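In case you want the letters, here they are:
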Amino acid sequence: MSGEAADPTLAIAAYLKAQEPVWEAAEERIFRPELPEGEDVHMPRACILVRPAGGGAMSARDFLPFIDSRLDLICYGSTRLQAENIAREVAAALKDLRGGKWEGIPVRWARVSAQPASAIDPNTNWAFALVSIQVYHAARVP
């Protein structure tokens, strides 16, 4: 495969935006890899951050055109319950991902590796729930 290196956060954010229950639960706010400038003054409120968390263990030593990446999806809400509800929608949508192409990036599968767990961020005092996933995607954009 030729082309630029694929950004799995771009593909997963696009996939989640296309999932109506997720898009509605997040109140049409899905960002990567951080909150846009100025958004923090409106927090805490519903939104999802998609950010890289490592990975590459499955195909690190191979010359395959696909790679596995780990991503963290931080689901914020005005309450812990709202954050948990968003995270459950995210986990359900990712469980249903059966392959496709989002933002030009082929994705074969996504696996939820850590079910939603909520907490209060000690630095911001914002409620959030974390969903960790493993994604098998093209290493380069075709």
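Residues numbered from 1 in each chain as written. Predicted model: local features only at pLDDT ≥ 70, side-chain atom pairs only at ≥ 80, totals over all residues. Heavy atoms only, no water.

Overview of the packing of helix 1 (residues 8–17) against helix 3 (residues 80–95)
Running from N to C, helix 1 and helix 3 point in directions that differ by 105°, and their axes come no closer than 11 Å. In terms of orientation, helix 1 and helix 3 fall into the roughly perpendicular class. Note on element contacts: helix 3 touches helix 1 through V90, A93 and L94, opposite I12, Y15 and L16. (Axes fitted to C-alpha atoms, helices over the stretch in contact; angles between N-to-C directions. Helix = DSSP H or I, 4+ residues; strand = E, 2+ residues; numbered from the N terminus. Parallel < 35°, antiparallel > 145°, perpendicular 65-115°, else oblique. Contact = heavy atoms within 4.5 Å.)

Comments concerning the side chain of Q134
Here Q134 lies in strand 6 (residues 127–138). A relative accessible area of 15% means that Q134 is categorised as buried. A distance of 3.1 Å separates a polar atom in the side chain of Q134 from a polar atom in the side chain of D68. (Buried < 20%, exposed > 50% of the residue type's maximum accessible area, 1.4 Å probe, protein only. Polar contact = N/O pair within 3.5 Å; in protein donor to acceptor, adjacent residues only side chain to side chain.)

Regarding the nonpolar core
Grouped together as the largest cluster of nonpolar side chains are 31 residues, with contacts concentrated most on I12, L16, I48, V50, L73, V90 and L94. Grouped together as the second largest cluster of nonpolar side chains are nine residues, M43, I74, Y76 and W126 included. (Core = buried A, V, L, I, M, F, W, Y, C linked by side-chain atoms within 4.5 Å.)

Description of helix 1
The buried fraction of helix 1 is high, at eight of ten residues. Turning to helix 1, its buried residues number three or more, namely P8, T9, A11, I12, A13, A14, Y15 and L16.

Some thoughts on the pattern of salt bridges
Evaluation of the coordinates by the stated rule reveals four salt bridges. Measuring nitrogen to oxygen at the nearest pair gives 4.0 Å for the salt bridge that ties R29 to E39. Of this pair, R29 sits in the loop between helix 2 (20–25) and strand 1 (30–31) while E39 sits in the loop between strand 1 and strand 2 (47–55), and the two are ten residues apart along the sequence. Shared partners join several salt bridges into a network, and the residues in it are E27, R29, E39 and R45. (Salt bridge = Lys/Arg side-chain N within 4 Å of Asp/Glu carboxyl O.)

Considerations on the side chain of S132
Here S132 is to be found in strand 6. Judged by its relative accessible area of 6%, S132 is buried.

Describing the packing of aromatic side chains
Per the stated rule, a full pass over the model turns up five aromatic pairs. Ring geometry for Y76 against W126: centres 5.7 Å apart, planes inclined by 85°, an arrangement best described as edge-to-face. Taken together, the positions of Y76 in strand 3 (residues 66–77) and W126 in the loop between strand 5 (105–120) and strand 6 put the pair 50 residues apart, joining distant regions of the chain. An aromatic cluster is defined as three or more aromatic residues linked by ring pairs; in this entry it consists of F66, W109 and Y136. (Phe/Tyr/Trp six-rings, centres within 6.5 Å; stacked < 30°, edge-to-face > 60°.)

A look at the environment of V131
Here V131 is to be found in strand 6. When its relative accessible area of 0% is taken as the criterion, V131 is described as buried. Sequence separation between V131 and H42 is 89 residues; the distance between their C-alpha atoms is 22 Å. Not counting residues up to four positions away in its chain, the partners in contact with V131 are L71, D72, L73, A87, V112, A114 and P116.

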